[in-house]
Amino acid sequence: MNTEKLTAKEYLSQAYRIDQRINSKLEQVKSLRELATKATATLSDMPRSQSPNFHRMEDFIAKALDLESEINADLKTLIDLKREVVTIIKCVERTELQTILEMRYLCFETWEEIAVALHYDLRHIHRLHGRALEEVDLIRRYQ
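Source: prediction; values computed, not measured.

What counts, and at which threshold
- Residues numbered from 1 in each chain as written.
- Predicted model: local features only at pLDDT ≥ 70, side-chain atom pairs only at ≥ 80, totals over all residues.
- Heavy atoms only, no water.
- Helix = DSSP H or I, 4+ residues; strand = E, 2+ residues; numbered from the N terminus.
- Expected span 1.5 Å × (residues − 1).
- Buried < 20%, exposed > 50% of the residue type's maximum accessible area, 1.4 Å probe, protein only.
- Arc of directions from axis to C-beta.
- Polar contact = N/O pair within 3.5 Å; in protein donor to acceptor, adjacent residues only side chain to side chain.
- Phe/Tyr/Trp six-rings, centres within 6.5 Å; stacked < 30°, edge-to-face > 60°.
- Lys NZ or Arg CZ within 6 Å of the ring centre and 35° of its normal.
- Core = buried A, V, L, I, M, F, W, Y, C linked by side-chain atoms within 4.5 Å.
- Contact = heavy atoms within 4.5 Å.
- Salt bridge = Lys/Arg side-chain N within 4 Å of Asp/Glu carboxyl O.

A.B. asks: Explain helix H5 (residues 122–141) to me, using residue names and the numbers behind them.
C.D. replies: Between its first and last C-alpha atoms H5 spans 29 Å; for 20 residues at 1.5 Å apiece the expected length is 28 Å, and the two agree. Buried within H5 we find Ile125, Leu128, His129, Ala132, Leu133, Val136, Ile139 and Arg140. Down the axis of H5, the smallest arc covering the buried residues is 150°, so these residues share one side. Among the exposed residues of H5, those oriented more than 90 degrees off its buried face are Arg123, Glu134 and Arg141. The distance from a side-chain oxygen at the start of H5 to the backbone nitrogen of arginine 123 is 3.0 Å, and the residue carrying that oxygen is aspartate 121.

A.B. asks: Tell me about the packing of aromatic side chains, residues and numbers included.
C.D. replies: Following the criterion strictly, the structure yields one aromatic pair and no others. Sitting over the ring of tyrosine 11, arginine 140 keeps its end group 4.2 Å from the ring centre.

A.B. asks: Lay out the environment of arginine 21 with the relevant residues and their values.
C.D. replies: With respect to the helices and strands, arginine 21 occurs in helix H1 (residues 8–44). In this structure, the C-alpha to C-alpha distance between arginine 21 and leucine 75, residues 54 residues apart in sequence, is 9.9 Å.

A.B. asks: Describe the nonpolar core, with residues and values.
C.D. replies: Counting 35 residues, the largest nonpolar core has Tyr11, Leu12, Val85, Leu101 and Val136 as the members making the most contacts within it. At the level of secondary structure, the elements contributing two or more residues to this core comprise H1, helix H2 (55–91), helix H3 (95–105), helix H4 (111–118) and H5. The residues contacting valine 85, other than those within four sequence positions of it, are Tyr11, Leu12 and Leu106.

A.B. asks: Kindly report on the pattern of salt bridges, identifying the contributing residues and their values.
C.D. replies: Counted by the stated rule, this structure contains eight salt bridges. In this structure, glutamate 70 engages lysine 25 in a salt bridge whose closest nitrogen and oxygen atoms are separated by 3.1 Å. Placement of the pair is glutamate 70 in helix H2 and lysine 25 in helix H1, with a sequence separation of 45 residues. Here lysine 25 falls in the buried class, since its relative accessible area comes to 12%. Between glutamate 68 and arginine 33 there is a salt bridge, and its shortest N-O distance comes to 2.2 Å. Taken together, the positions of glutamate 68 in helix H2 and arginine 33 in helix H1 put the pair 35 residues apart, joining distant regions of the chain. A relative accessible area of 44% means that arginine 33 is categorised as partly exposed. The network of salt bridges with common partners includes Arg21, Lys25, Glu70 and Asp74.

Quick look at the structure:
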């Protein structure tokens, strides 16, 4: 993805999207492992008149392993992106703005959580966030 054309908000939000994708894949792996366990239980029950599908469990395990590989690649991407985002956030002059950006885009906190933690009105957090995004745009433009 060409990150140069993204707005500051879109750029910073990438980590959240990757994190969501990783969580989704972790749920899929969990589900596949449960299905593999069910397939094992089915294979170990009393003999049936039909021949059981021995490849079923192997298919679940193979799919889970493929997903785990994708998760590892996504984790590497997430770590690299977060490292890049931290570098940009450190360039923002006001520590107050840095904190808001870190809480939102690295810790994935809600606006309400940020407002409570910083003892600010929600509207004030949004104003500060807008200023922080303007700075991030400038920083990215002149890097």
